[in-house]
Amino acid sequence: MLHIILYAIVPIVVIMLAGYISGRRKIFSGDDAKKFNKVVLDYALPAALFVSIVQSSREMLAADIKLSIISLVVIMVCFMLVYFIFAYCFKGNNGADGAVAALINGSPTIGFLGFAVLEPIFGTTPAVALVVAIIGIVVNAVGIPVGLSLLNASLEKTQAPGKKVSAWTPVIHALEQPVAWAPILAVILVLCGLKWPAWASPSFDLMAKANASMAVFSAGITLSAIKVTLNWQAILGSILKLILMPAMALIAGLMFHMDPLNLKMLVVACALPPAFSGIIIADEYDTYVATGTSSLTLSVILFVGFCPLWIWITDLCLKAF
């Protein structure tokens with residue numbers, strides 16, 4: 001656990017703190033954070049998603065169809081649940097707020113922390129790579145396009161009230177963005193059995209390496225530029241992410257008799273903090289930034305305790321069943 005804290009959690013806190021201090025000292029501003037986010041959203045994140053997915057194989061995706069289906073159902077059910085709660089259950093919120101909340105609290109940050117957290121616990125094995133790849137595909141090739149479609153649909157209704165907008169318009173707008181079509185393209189290449197050449201990866205890897213560090217640093221700048229308030233929405237978002245999602249994964253895995261090791265990794269992956277990509281999208285669209293960033297910060301802190309707690313609970317349940 002000490003290894004997880006030192007190698008996975010502390011670097012996030014340090015880099016976010018560096019961004020926060022830079023913002024408070026006026027070295028960078030909120031406008032600079034938007035520019036950083038644009039680099040991440042349009043270049044670094046798509047490159048990271050594409051190269052991580054395209055290096056998998058059809059055999060890897062089919063190796064445990066039960067893991068794939070349960071991951072897809074659990075994550076997307078939680079995603080849509082968060083959307084409906086934050087879009088319709090809080091006064092003053094709209095569909096765009098719900099979409100951003102879902103992109104943040106309805107998705108684990110598997111791309112940033114998947115290997116960093118799972119490998120120290122379960123070892124550097126193909127099983128870990130399988131879980132990270134499958135959940136990465138669900139979050140990035142399904143969750144992000146769905147979230148962007150909901151976000152664009154709400155914004156278009158707000159900007160053109162009374163105007164009938166085609167149901168496909170927000171979907172098309174979402175798919176035009178690299179962060180949406182890059183992972184989908186990668187999945188298509190994998191399903192078609194097309195081998196990604198090893199010599200092509202370094203070009204993507206170099207850009208992808210800027211992804212996590214720049215995203216977290218930018219989140220710190222954004223944090224310095226807004227008034228952080230731990231309201232009930234931020235607290236509820238953390239609860240839904242750190243408690244509801246891993247609990248649903250554990251229950252579903254036990255019901256359908258998943259492989260114990262896969263189940264433990266799935267529960268820990270679902271308990272990861274919210275997706276940093278959601279904060280980037282929130283800042284890019286200037287929607288739900290303050291509450292979303294507050295919820296992300298709270299979740300990162302709470303994850304230090306919830307990670308070992310869920311491992312312990314999963315072990316107890318596996319022994320009982």
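Everything below is about the structure printed above this text.
Residues numbered from 1 in each chain as written. Predicted model: local features only at pLDDT ≥ 70, side-chain atom pairs only at ≥ 80, totals over all residues. Heavy atoms only, no water.

**Section: a nonpolar patch on the surface**
Together, L2, L6, V10, V14 and I15 make up a nonpolar patch on the protein surface, roughly 410 Å² of accessible area in all. The topology assignment puts L2 in helix α1 (residues 2-24). (Patch = residues over 30% accessible without salt bridge, like charges linked within 9 Å, V, L, I, M, F, W, Y side chains within 5 Å. Areas by Shrake-Rupley, 256 points an atom, 1.4 Å probe, with all protein chains shown as cover. Salt bridge = Lys/Arg side-chain N within 4 Å of Asp/Glu carboxyl O. Helix = DSSP H or I, 4+ residues; strand = E, 2+ residues; numbered from the N terminus.)

**A word on the side chain of S295**
Inspection of the secondary structure assignment puts S295 in helix α15 (residues 289-320). Residues in contact with S295, not counting those within four places in the same chain, are N105, A234, G237 and S238. (Contact = heavy atoms within 4.5 Å.)

**A closer look at the layout of surface pockets**
Empty space within the second largest pocket amounts to approximately 210 Å³. Looking at the second largest pocket, it is lined by 15 residues, and the ones nearest its centre are V54, S56, S57, L194 and K195. The set of elements that each furnish at least two residues to the lining of the second largest pocket consists of α3 (58-62) and α9 (178-191). Grouping the constituent residues of the lining of the second largest pocket by class yields seven nonpolar, five polar and three charged. (1 Å grid on protein atoms, 1.4 Å probe; cavity = no way out; pocket = protein on both sides within 12 Å on 5 of 7 lines; lining within 4 Å. Points joined across faces, edges and corners; volume = space filled by probe spheres on them. Nonpolar A, V, L, I, M, F, W, Y, C, P; charged D, E, K, R; others polar.)

**Here's the deal with the nonpolar core**
Core analysis: the largest hydrophobic core is formed by 81 residues, its most contacted members being I135, L151 and L266. With near-sequence residues (within four places) excluded, I135 lies in contact with S71, I75, P108, I110, L266 and A269. Grouped together as the second largest cluster of nonpolar side chains are nine residues, F50, V54, A182 and V187 included. (Core = buried A, V, L, I, M, F, W, Y, C linked by side-chain atoms within 4.5 Å. Buried < 20%, exposed > 50% of the residue type's maximum accessible area, 1.4 Å probe, protein only.)

**Digging into the pattern of salt bridges**
Going through the model one piece at a time under the given rule, you end up with two salt bridges. In this structure, D42 and K38 form a salt bridge, with 3.2 Å as the shortest nitrogen-oxygen distance. Here D42 pairs with K38, and both are found in helix α2 (residues 30-54), just four residues apart, close to one helical turn.

**Observations regarding the environment of C317**
Its location among the elements puts C317 in helix α15. The spacing of C317 and I251 is 66 residues in sequence and 9.4 Å in space, taken between C-alpha atoms. In this view, C317 contacts L250 and L254; residues no more than four positions away in its chain are not counted.

**Overview of the environment of I69**
Relative to the assigned elements, I69 resides in helix α4 (residues 65-88). A relative accessible area of 46% means that I69 is categorised as partly exposed. Measuring from C-alpha to C-alpha, the distance between I69 and L41 comes to 28 Å, with 28 residues separating the pair along the chain.

**As for the packing of helix α12 (residues 232-255) against helix α13 (residues 260-270)**
At a minimum axis distance of 8 Å, the contact between α12 and α13 shows a crossing angle of 160°. Comparing their axes, α13 and α12 come out roughly antiparallel. Judged by the sense of rotation from one axis to the other, the crossing of α12 with α13 is right-handed. Contact residues: α12 offers K241, M245, P246, A249, L250, G253 and L254, while α13 offers L263, L266, V267 and C270. Across the contact of α12 with α13, the residue classes tally to nine nonpolar, one polar and one charged. (Axes fitted to C-alpha atoms, helices over the stretch in contact; angles between N-to-C directions. Parallel < 35°, antiparallel > 145°, perpendicular 65-115°, else oblique. Left-handed = near helix turned anticlockwise from the far one by under 90°.)

**Points about the packing of aromatic side chains**
Given two aromatic rings, their pairing is described by the distance between the two centres and the angle made by the two planes. Summed over all chains, the structure comprises 11 aromatic pairs. Relative to F36, the ring of F28 lies with its centre 5.3 Å away and its plane at 70°, an arrangement referred to as edge-to-face. Take F28: its relative accessible area is 27%, and that puts it in the partly exposed class. Ring plane angle 85° and centroid distance 5.8 Å describe the contact between F28 and F217, whose orientation is recorded as edge-to-face. Here F28 is found in the loop between α1 and α2, whereas its partner F217 is found in helix α11 (residues 210-225), with 189 residues between them in sequence. Taken together, the ring pairs in this structure connect F28, F36 and F217 into an aromatic cluster. (Phe/Tyr/Trp six-rings, centres within 6.5 Å; stacked < 30°, edge-to-face > 60°.)

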